[in-house]
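# Chains, contacts and geometry: an overview
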Amino acid sequence: MIQGALDKVYERFVKEQSGEVADYIPALASANPDSFGLAIVTAKGEVYTAGDADTPFTIQSQSKPFTFALALEECGIDATYEHVGTEPSGDAFNSIVLDPVTNVPFNPMVNSGAISMAGLIRDARGDDAFEAIRTEYSRFAGAELGTDSDVFDSEITTAHRNRAIAHLMRAGGVISDPVEGVVELYTRQCSIEVTATRLATMAATLANIGTNPITNDNIVSPMTVRHVLSLMFTCGMYDYAGRWALDVGLPAKSGVTGGVMAVVNRQIGIGLYSPRLDEHGNSVRAIKACVELADEFGLHGFEFSNTGSSMLSVYL
Ligand code: GLN
């Protein structure tokens, strides 16, 4: 049933060519625009894939929920929210702006908030911060994840907006020194490599309330998952988050390499990869595929027929 639906969605959109591959650095512009991978991992650990589900790409902004989760676990809820807010920004993900009332980033799903969270991990872990992040992502994925050093090298030499954001936050006491070390940590976390299948497993770990359903590794608490999913729901899809909530109705996060992951609470994680992006910076085919899957299985959080959860549990 799930495999059939994935195959159908793959066939339906494989020829779709609209959108543009991110080209702000050469290492991303060289992605194969035709790659299209889909994966679903259930909260019981079953794996279904279609197309290029094992093609590696860098995680980019889809790292943000996981570093936020690590900050909540390492520093606690109160300390975390001294460094980041919980409101959609209404601005581009890389805006050089803080909440004018609180002077902290609007939320952990935009660059400022993600850099602030990386700063918290750096304060807590010092030179071991990157290894703490990489280990946490790997546990979510159930696989040792490495980095793409070409992507890291070209991002770090061009990360001027992120440096500007970091210095603004350093001036306001949101992050501490060394500023360059924090920018480097954030940039390195963005260069961690995943695949659609691994992203789906990471999403399934959130769906399974913090326990990887394949390895049974308990990684984060149910309360951390609740915070992460809530902010993915309201802020995870850039300036398309509102329309996405209407059309798909699931907590999700996209990234500039063309990945999208979505979580169906207690049921499945969805991971998609297709590098061509729309004007919001979201993958064109990944969005179409998610709309289709949500319709097919009644996954929307506010499914009007109220058969969302029970329908899928019949299939699983
Ligand atoms: N590394 C990118 C940046 O910080 C990630 C952005 C993204 O995926 N939207 O600009």
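Presented here is a report on the structure given in the accompanying data block. Just so it is clear, the model here is predicted, and its values are computed rather than measured.

Analysis parameters
Residues numbered from 1 in each chain as written. Predicted model: local features only at pLDDT ≥ 70, side-chain atom pairs only at ≥ 80, totals over all residues. Heavy atoms only, no water. Near = heavy atom within 4 Å. Polar contact = N/O pair within 3.5 Å; in protein donor to acceptor, adjacent residues only side chain to side chain. Areas by Shrake-Rupley, 256 points an atom, 1.4 Å probe, with all protein chains shown as cover. Nonpolar A, V, L, I, M, F, W, Y, C, P; charged D, E, K, R; others polar. Salt bridge = Lys/Arg side-chain N within 4 Å of Asp/Glu carboxyl O. Helix = DSSP H or I, 4+ residues; strand = E, 2+ residues; numbered from the N terminus. Buried < 20%, exposed > 50% of the residue type's maximum accessible area, 1.4 Å probe, protein only. Pairing = 2+ DSSP bridges. Axes fitted to C-alpha atoms, helices over the stretch in contact; angles between N-to-C directions. Contact = heavy atoms within 4.5 Å.

The subject of this paragraph is the site of the ligand. Residues in close proximity to the ligand include Tyr24, Gln60, Ser61, Phe93, Asn111, Glu155, Asn162, Tyr186, Cys190, Tyr238, Gly255 and Val256, which together make up its full environment. Within the contact set of the ligand, an oxygen atom lies 2.8 Å away from a side-chain nitrogen or oxygen of Tyr186. Starting from 300 Å² of accessible surface for the ligand in isolation, the protein chains cover 94%. Tallied by class, the residues present in the shell around the ligand amount to six nonpolar, five polar and one charged.

Turning our attention to the pattern of salt bridges. For the structure on display, the rule yields 13 salt bridges. Here Asp217 ties to Arg139 by a salt bridge, and the two come within 2.8 Å at their closest N and O atoms. Of this pair, Asp217 sits in the loop between helix H10 (196–207) and helix H11 (222–235) while Arg139 sits in helix H6 (residues 129–141), placing them 78 residues apart in sequence. Take Asp217: its relative accessible area is 22%, and that puts it in the partly exposed class. Close ionic contact of Arg243 with Asp247 constitutes a salt bridge, the shortest N to O distance being 3.2 Å. Taken as a pair, Arg243 and Asp247 lie in helix H12 (residues 241–247) at a separation of four residues, close to a single helical turn. Take Arg243: its relative accessible area is 47%, and that puts it in the partly exposed class. Several salt bridges converge on common partners, so that one network encompasses Glu131, Arg134 and Glu144.

This next bit is on the sheet that holds strand S3 (residues 47–51). Note on sheets: strands pair through backbone hydrogen bonds, and any given pair is parallel or antiparallel. Pairing is antiparallel in the open sheet, where five strands are placed in the order S3-S2-S8-S7-S6. At either end of the open sheet lies a strand with only one pairing partner, and these are S3 and strand S6 (252–254). Averaged over all pairs of adjacent strands, the angle between strand axes in this sheet comes to 10 degrees, irrespective of strand direction. Where strand S2 (residues 37–42) lies against strand S8 (residues 268–273), six bridges are found, and the strand directions are antiparallel. Bridging from a neighbouring strand, Leu38 pairs with Leu272 of S8. Packed onto the sheet, H10 meets S2, S3, strand S7 (259–264) and S8 and runs at close to 155 degrees relative to S8.

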